[in-house]
Amino acid sequence: MVKQTIQIFARVKPTVRKQQQGIYSIDESEKLTPSLEIILPRDLADGFVNNKRESYKFKFQRIFDQDANQETVFENIAKPVAESVLAGYNGTIFAYGQTGSGKTFTITGGAERYSDRGIIPRTLSYIFEQLQKDTSKIYTTHISYLEIYNECGYDLLDPRHEASSLEDLPKVTILEDPDQNIHLKNLSLHQATTEEEALNLLFLGDTNRMIAETPMNQASTRSHCIFTIHLSSKEPGSATVRHAKLHLVDLAGSERVAKTGVGGQLLTEAKYINLSLHYLEQVIIALSEKHRSHIPYRNSMMTSVLRDSLGGNCMTTMIATLSLEKRNMDESISTCRFAQRVALIRNEAVLNEEIDPRLMIIRLQKEIQELKDELAVVTGEQRTDALTEAELLQLEKLITSFLEDQDPESRLEVGADMRKIHHCFHHLKKLANGKKIHGQSTVSLEMEDQNCQEPLKEEEHKKLRAILQQRDDEINILVNMLKKEKKKAQDALHLSSMDRNDCRHSQSPPLPPGNSAGLLPSSAPTQGQDSSTLSNRPSLLHRKTGMREEMSLGRQEAFEIFKRDHADSVTIEDNKQILKQRFSEAKALGEHINEARSKIGRLKEEITQRHLQQVALGISENMAAPSGPDLLEEKLRSQLEEEKRRYKTMFTCLKALKVEIEHLQLLMEKAKVKLQKEFEAWWAEEATSLQVNSLAVKSPSHMKPFPLTPESQHERSLLLSNRSDVNARKSLPSPHPILHSQAQSSTGASLDDSLPERPTSSIPLTGDSQTDSDILAFIKARQSILQKKCCQ
C-alpha cells in the first residue's frame, strides 16, 4: 500500500502578443518547494483607500514556465505515473484550468508538429516500449474513451458516432455494485496489441469530441473526456494476475459567462461545465476536511467516474494550467487556490492482484481427483457418480419395506453414502407427487359429473338461439349463391346448345327431338365440371379452416368463392410464391450462419484449450513458456478470422432478406385485411337483403308451403335432362340414336326417382340432391331441438 497526497504541478501558457502580460515570478530554489507568486498592482481607479491584496503565493511540486516543452512535462509528470501503472497500481492525471489555458494541448497535444505530442500519445508510446522490453510477463492492453457532455456520458469509440447525431447514440450509464465499485454500461473496451492500434483509437475518439468556437478559444472543447488504459499482466505459470488502469482526463474549461458573452447552445454547455466543476470542487473540499462523513460523489457523473482517483485506490496527479495574462489573473488565482485544496487529499494506492480463475479451476479439479483417489484407498472401493442397478433395486426394496412397516419407530438405514440418501429422498418425493396428482384428478372428475347433471341455463338457450339464427342466414346466402352459379352454368349450356342446333340446322336435315341432347358433346363436360367443383368445395373448405377458425362453415365457403373472384387474388398468390422462395433462401442462409457460428465457437475453444495446455504444462514441469510463436495457434487464429469474415458476409445477406420478407408480409397482410373488409361488407349486405325478403314472404301465424311454379318445374326438367344426357354419354357412347334415346329415358327416370320431393318450407331448395338432402337434414335437426326446448 502506498499512501501519498495528490501531486500538483503548474504550467504557464505562453502569452499572445496582443494581450498584456501579467506580473508573476517563479521561485525554484533547491532547498524549498517551488512556488509561484502572482502580483496584482493596485489600480488608481479604485480610489485611494484600497485594501486589496497585491501578492498571491502558491506552492507546487514543480512549475513549468512558458518555455517548457512537451517532453519535459511528460518526463516529470506522466512518466512516474506510467511506471506505477506498469507495477500494478492505478493512476490518474487530470488537467484543470480556465478555458483557453492549454489543458487539451497538455493532455492530447497539438496537431501541427510531432514534438507537440501530449501526455496521452507519449504515455502510450512509453507503455508499449516497456511491454516489448519486459518478456518475463504476459501483458494485455485495452482502451476506452468516455465523453461527458451536458452531464450525459457517450462512448467516443462507438463506430456509429460519426454517422449518427449525438442524441441517437446509446448513453453510458453508471452502475454501482454492493462493494461500491463503479461500472460503466454501454462503454466499449477495445484491445490494442500495438502502439499504432492504440493511437488509432485515440485519433478516432478525438475526431468525435464536441468542439466549438468561443470568444476565449477558437477550438474550445465543450465536454469532459476520460481516456483510460486498462493493463493486465501475468507471469507464465503463475496464477496471480495484476490489473491496473490509467485515467488521462481532459476537463472542460471553466468560463465566466459575463466575460465571454455567449448565448444559445454555448450558454447551455457553459452552464453544465461550470456546474460539474462546482461539484468537483465540493468533493475536493469534503475530502480535505478530516471529520467529514459524507462525500458527494454522486452529484455529477464526472465525480462518480473519478471516485477512486479522488481519495481512493489511485496515485493521482493534477496539472493546473494558467493563463497569466492581465485579463485572466483572477481566474488563474482561483485555479491555484483549487490546486492547493487538491494537494491536501491523501490517496491509498493498493497493488491490484487477483487469482486467475481458469488456473484456479484446473488446480481445484486436480485436487478433487487426488482426494477421490485417497478416499478410494481408505475405503477400499472406487466410487462413481451414479449408483449401480443392484444398488438402486436394493434401495427401492428398503423404501417399500419402510413404507409398509406399521411400527412408528422404524428407520430407513442406507448408510453414510450421500448418493443413496439423495436417491431415497427423490423416490419419496416422486411417490408423494403421484398421490397428489391422483387425488386432484379424482376431484376434477367428480366436479365434471356434477356440472354435466346441472340443467342448461337461460343464457345458454339464448346463445343456441343466436347460433341457429346465424346458421339460417348462412344457409340462405349459400343457397342464393348456388342458384346464381347454377343459373350461370345453365345459361352457358343453353347458349352453347342453341349455337350447335343452329349449326346442325344449317348443315344437315333436322333430327328427331329425342336425339338433340345426345349430339351435344360439350354440354355434359361443362355441367360435370360444375358438379365436380361443387363436390370438391368441402375438401377445399377443410384445408382452409385453420386460417379462419372464427368463421362458420358457410361463411368460410362463401369467403373462398368471394376470394376466387376478387381482383387481388392473383397478386396475393404471386406474393405467396415469392415469400416462399425468400423463406427457403433465408432458411438455407440461416443454416450456413449457424454452421459458421458453431465453427467459430469450436475454434475459440481449441485456442483456449491450447493456452490451458501450455499453462498446465508449465505448471507441472516448472518450465517457462516458449518465446517463439505457436504455429498451431497461428493456424487456428487465421481460420477463426476467415470464419468471422464469412459469418459477417452471410449475416449481412440475411438482414437484407429479412427486410424483403417483412416487406412482402406487410403487403400480403394489407391485401388480406382489404379482402376481409370487403367480404364482411358484402356478407352484411347479403344478410340484410335476405332478412328483408324473408320477412316479406313469411306469415306470423303459420308457414306457407313453397309453391312449385312453372318456371321451377321447367328448371327441374331441364336439370334432369342435362343430367340424363351426361350419364348417357358416360355409359353408352353409341352412335345409334335409338339406343341413345332409350338410355336417356331410363337414366332420366332413375334420376327422377332418386330426387326427394320438396317439403313445405320457406327455405328455397337448389335442385341438387346432395345439397337439398343436407339442408333438409339440418332443418329436421333444428326442429327437433326446438321441440325438446318447448317440452322442457
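One can find the structure itself at the top, above this paragraph.
A brief structural summary. Remember, predicted model here, so these are calculated numbers, not experimental data.

1. Considering the overall build of the chain
The helix and strand inventory of the chain stands at 19 helices and 19 strands. Burial statistics for the chain: of 792 residues in total, 35% are counted as buried. Here the chain displays about 48900 Å² of accessible surface, and carbon together with sulfur accounts for 55% of that area.

2. Quick notes on empty space enclosed by the protein
Within the structure shown, the criterion is met by four cavities of 30 Å³ or more. A volume near 50 Å³ is recorded for the second largest cavity. The wall of the second largest cavity is formed by Ile148, Tyr149, Asn150, Glu151, Arg222, Ser223, His224, Glu269, Tyr272, Ile273 and Ser276. Counting residues per element, the ones that place at least two in the lining of the second largest cavity are β8 (138–149) and α6 (265–288). The greatest single-element share of the lining of the second largest cavity, amounting to four residues, is contributed by α6. Its residues placed into classes, the lining of the second largest cavity shows four nonpolar, four polar and three charged.

3. Describing the packing of α6 against helix α8 (residues 329–342)
In the contact formed by α6 and α8, the axes pass within 9 Å of each other and the chain directions differ by 40°. Regarding the angle of α6 to α8, the classification is oblique. Every pair of crossing elements has a handedness; the one defined by α6 and α8 is left-handed. Between α6 and α8, the residues in contact are Leu280, Glu281, Ile284, Ile285 and Ser288 and Phe338, Arg341 and Val342, respectively. Looking at side-chain class alone, the contact of α6 with α8 contains five nonpolar, one polar and two charged residues.

4. Describing the packing of helix α1 (residues 70–87) against helix α3 (residues 119–133)
At their nearest, the axes of α1 and α3 sit 10 Å apart, and the two run at 50° to each other. Put simply, α1 runs oblique to α3. Here α1 runs over α3; the crossing is right-handed. Here Gln70, Glu71, Val73, Phe74, Ala78, Lys79, Ala82, Glu83 and Leu86 of α1 come into contact with α3, specifically with Ile119, Arg122, Thr123, Tyr126, Ile127, Gln130 and Leu131.

5. Section: the side chain of His247
Assignment of secondary structure puts His247 in strand β16 (residues 240–250). Assessed through its relative accessible area of 8%, His247 is described here as buried. Looking at His247, its side chain comes within polar contact range of the side chain of Thr228, at 3.0 Å. Setting aside residues no more than four positions away along its own chain, His247 makes contact with Gly91, Thr92, Ile93, Ile226, Phe227, Thr228 and Ser309.

6. Observations regarding unusual backbone geometry
Even without being glycine, Asn150 reaches a positive phi, approximately 55°. Of note in the backbone geometry, Asn186 takes a positive phi value of approximately 70° without being a glycine. Structurally, Asn186 is set in the loop between β11 (182–185) and β12 (190–191). A residue is classified by how much of its surface remains accessible, and Asn186, at 42% relative accessible area, is partly exposed.

7. Considerations on the packing of aromatic side chains
The final tally for this structure, using the stated rule, is eleven aromatic pairs. With a centroid separation of 4.1 Å and 20° between ring planes, the pair formed by Tyr96 and Phe338 is classed as stacked. Taken together, the residues span a long stretch of sequence, with Tyr96 in strand β7 (residues 91–96) and Phe338 in helix α8 at a distance of 242 residues. Joined through ring pairs, the aromatic side chains of Phe559, Phe562, Phe679, Trp682 and Trp683 make up one cluster.

8. Points about the environment of Thr316
Mapped onto the fold, Thr316 is located in strand β17 (residues 315–322). Judged by relative accessible area, Thr316 falls into the buried class, the value being 1%. Along the chain, Thr316 and Ile93 lie 223 residues apart, while their C-alpha atoms are 6.0 Å from each other. Here Asn347 takes part through its side chain, which lies 3.0 Å from a polar atom of the side chain of Thr316.

9. A look at the sheet that holds strand β3 (residues 23–27)
Taken in spatial order, the three strands line up as β3-β4-β5 in an open sheet, and their pairing is antiparallel. Each edge of the open sheet is held by one strand with a lone partner, namely β3 and β5 (55–59). Each adjacent strand pair in this sheet contributes to an overall mean axis angle of 15°, direction not counted. Pairing between strand β4 (residues 35–39) and β5: five bridges, direction antiparallel. Paired with Ser35 across the two strands is Lys59, which belongs to β5. Each of β3, β4 and β5 touches α8; the most contacted strand, β5, lies at about 35° to it.

Rules used in this analysis
- Position labels on residues start from 1 in each chain and follow its written sequence.
- This being a predicted model, a pLDDT of at least 70 is required before a residue's local features are given, and a value of 80 or more before pairs of side-chain atoms are given or counted; all residues contribute to the totals for chains, interfaces and linings.
- Side-chain descriptors were evaluated using all non-hydrogen atoms of the structure, hydrogens and water having been removed beforehand.
- Here a strand is any run of E in DSSP of at least two residues, a helix any run of H or I of at least four, and the numbering for each starts at the N terminus.
- Exposed residues in this analysis have more than 50% of their type's maximum accessible area, buried residues have under 20%, and partly exposed residues fall in between, with area computed by a 1.4 Å probe over protein chains only.
- For the area figures, the Shrake-Rupley method with a 1.4 Å probe applies, and any residue is considered shielded solely by the protein chains shown.
- Here a cavity denotes grid points, spaced 1 Å and computed from the protein atoms alone, that fit a 1.4 Å probe unable to get out, and a pocket denotes an open set having protein on both sides within 12 Å along at least 5 of 7 lines; residues with an atom within 4 Å of a point are the lining.
- Grid points are joined across faces, edges and corners, and a volume is the space filled by probe spheres set on the points.
- Any residue that is not Ala, Val, Leu, Ile, Met, Phe, Trp, Tyr, Cys, Pro, Asp, Glu, Lys or Arg is counted as polar, Gly included; the first ten are nonpolar and the last four charged.
- Axes here refer to lines fitted to C-alpha atoms; in helices the fit is confined to the stretch in contact. Angles between the N-to-C directions go from 0 to 180 degrees.
- Working rule for angles: under 35 degrees goes down as roughly parallel, over 145 as roughly antiparallel, 65 to 115 as roughly perpendicular, anything else as oblique.
- It is the rotation of the near helix from the far one that decides the hand of a crossing: anticlockwise by less than a right angle makes it left-handed, clockwise makes it right-handed.
- Residue contacts are defined here by distance: any two heavy atoms, one from each residue, within 4.5 Å place the two residues in contact.
- Polar contacts, as used here, are pairs of N or O atoms within 3.5 Å; protein pairs need one atom able to donate a hydrogen and one able to accept it. Residues neighboring in sequence count only if both atoms are side-chain atoms.
- What counts as a ring pair is set by centres within 6.5 Å for rings of Phe, Tyr and Trp (its six-membered ring), and what kind of pair is set by the plane angle: stacked under 30 degrees, edge-to-face over 60, tilted for all other angles.
- Strand pairing follows a simple DSSP-based rule, namely that at least 2 bridges must link the two strands.

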